[in-house]
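Descriptive structure summary
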Amino acid sequence: MVSGKLILNVIAGVSSLILFSCNNGSQQKKAVDSTKKTVVVNTMIPGTPIHYDSSKRYIFLTWDDSPQPPGTQNCTRTFREQGVKATFFAVAAHYNIDPLRKKILDSLKKAYPEFLVANHSYTHAFRDNYNFYYMHMDSAVNDILKAQQDMQIPLKIVRLPGRNTWAGNSEFRGPKTSEKVARKLDSLGYKIIGWDIEWQFIKGNIPKQSATALAKEVNDKFDVGYTNQPNMMIILAHDRMFAKPQYIDSLKALIQLLKQDHRNVFETIDHYPTVQQK
Ligand SMILES: [Zn+2]
């Protein structure tokens, strides 16, 4: 389904796995089995740039506050069934709660290029204390750096908790309150990613818009060109919104509606233009 990733279906008796890099940005895994047969598998490294097709429109499904079972697993299953890529912005404090969440995050990290894990802070702004968090730049930046290290996030890509902020390459856009933190992270080589459209929720976790309404919102916004980057649409949602069957169905319906337009391509956020730019 996904180019650049050849699945090694069955290797009986694998005794060792050797990793080495190639010039084209891909990585090869050489699996050596006990019967001395050697199989080479290509996998893409997060951040390997893609070439854009100007006839396409790129959609980035970015899900926040991961991992939040069972929503996270319901989403990954749905994305896989539908053959679309997505990005999970993870919160280290969530991931550290129990072994199940650690297991979910680890499996997401291994699922590139289908899924990418990015940084959504350690404490989620000290549990949603946004004003306090952004007033104290050093502690906020440290919170994000600690999450990066703790979760071993592969790329310096961050979504700030509670703020639709964009920063990178010395540029900034977003609420003034988040500017100092964003600029500091930018100076450390981080790309701060906001969103173009949010699939909002009510009562903590119930999707607000219907799949049809959201698909219309996406198409209308593409048509008028009101996106942060031309032809690129970042959709924000939260894993916890998809805990119940009827909302998993809504997610499936949204993806199916978006797939009806053959210009639409689903990508992970490392392939967003401001992230690909060096
Ligand atoms: Zn969040």
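See the structure above.
What comes next concerns the included structure.

Conventions adopted
Residues numbered from 1 in each chain as written. Predicted model: local features only at pLDDT ≥ 70, side-chain atom pairs only at ≥ 80, totals over all residues. Heavy atoms only, no water. Helix = DSSP H or I, 4+ residues; strand = E, 2+ residues; numbered from the N terminus. Buried < 20%, exposed > 50% of the residue type's maximum accessible area, 1.4 Å probe, protein only. Contact = heavy atoms within 4.5 Å. Areas by Shrake-Rupley, 256 points an atom, 1.4 Å probe, with all protein chains shown as cover. Axes fitted to C-alpha atoms, helices over the stretch in contact; angles between N-to-C directions. Parallel < 35°, antiparallel > 145°, perpendicular 65-115°, else oblique. Left-handed = near helix turned anticlockwise from the far one by under 90°. Nonpolar A, V, L, I, M, F, W, Y, C, P; charged D, E, K, R; others polar. Pairing = 2+ DSSP bridges. Right-handed = clockwise from strand over helix to strand, strands pointing away. Expected span 1.5 Å × (residues − 1). Arc of directions from axis to C-beta. Salt bridge = Lys/Arg side-chain N within 4 Å of Asp/Glu carboxyl O.

Counting its regular elements, the chain contains ten helices and 15 strands. Sorting the 278 residues of the chain into buried and exposed places 48% on the buried side. Residue pairs at least 24 apart in sequence account for 70% of intrachain contacts in the chain once pairs closer than 6 positions are excluded. Entry remark: accessible area of the chain is about 13,600 Å², with carbon and sulfur atoms responsible for 52%.

Packing of helix α1 (residues 71-82) against helix α9 (residues 245-259) leaves a shortest axis separation of 10 Å and a crossing angle of 30°. Judged by the inter-axis angle, α1 sits roughly parallel to α9. Classified by chirality, the crossing of α9 by α1 is right-handed. The segment α1 lies against α9, with Asn74, Cys75, Arg77, Thr78, Phe79, Glu81 and Gln82 engaging Ile248, Leu251, Lys252, Ile255, Gln256 and Lys259. Within the contact of α1 with α9, the residues separate by chemical class into five nonpolar, four polar and four charged.

Let us look at the pairing of strand β5 (residues 86-90). Among the five residues that make up β5, five are buried, leaving the element largely enclosed by the rest of the structure. Residues Ala86, Phe88 and Ala90 line one face of β5 and the alternating positions Thr87 and Phe89 line the opposite face, and both faces are buried. Bridge count between strand β4 (residues 57-66) and β5: four bridges; the pairing is parallel. Residue Trp63 lies in a different strand from β5, and its bridge partner there is Phe88. In terms of handedness, the path from β4 via α1 over to β5 forms a crossover that is right-handed. Pairing of β5 with strand β6 (residues 115-119) involves five bridges; the strand directions are parallel. In the sheet register, Ala86 faces β6, and the bridge partner there is Phe115.

It is worth spelling out α9 at this point. The periodicity of an α-helix, 3.6 residues per turn, causes residues three or four positions apart to be oriented the same way. The end-to-end C-alpha separation of α9 is 21 Å, in line with the 21 Å expected for 15 residues at 1.5 Å each. Among all positions in α9, only Tyr247, Ile248, Ser250, Leu251, Leu254, Ile255 and Leu258 are buried. Axial view of α9: buried residues confined to an arc of 155°, hence all on one face. On its buried face, α9 is in contact with β4, α1, β13 (206-207), α8 (211-224), β14 (232-238) and β15 (264-266).

The final tally for this structure, using the stated rule, is twelve salt bridges. One salt bridge in this structure joins Arg57 and Asp261, with 3.3 Å as the shortest N-O distance. With Arg57 in strand β4 and Asp261 in the loop between α9 and β15, this residue pair connects regions lying 204 residues apart in the sequence. You can call Arg57 buried: its relative accessible area is 3%. Glu179 is paired through a salt bridge with Lys176; the nearest N and O atoms lie 2.9 Å apart. Its relative accessible area of 16% is what places Glu179 among the buried residues. Several salt bridges share partner residues, and in doing so they unite Arg57, Asp223, Asp261 and Arg263 into one network.

This paragraph deals with unusual backbone geometry. A negative phi angle is the norm for most residues apart from glycine, just as the trans form is the norm for most peptide bonds. Cis geometry is adopted by the peptide bond preceding Pro67, which originates at Ser66 and carries an omega value of -10°. Here Pro69 and Pro70 are connected by a cis peptide whose omega angle stands at 0°. Along the chain, Pro70 turns up in the loop between β4 and α1. In this model, Lys203 sits at a positive phi of 50°, which is unusual for a non-glycine residue. Along the chain, the position of Lys203 falls in the loop between β12 (201-202) and β13.

Contact pair α1 / helix α3 (residues 99-109): the axes reach a minimum separation of 11 Å and the direction vectors enclose 25°. Between α1 and α3, the angle is such that the two are roughly parallel. You can see that α1 and α3 cross each other, and the crossing is left-handed. Of the residues in α3, those in contact with Thr72, Gln73 and Thr76 of α1 are Leu100, Ile104 and Leu108. The class makeup of the residues in the contact of α1 with α3 is three nonpolar, three polar and no charged.

That's the geometry; what it means functionally is another story.
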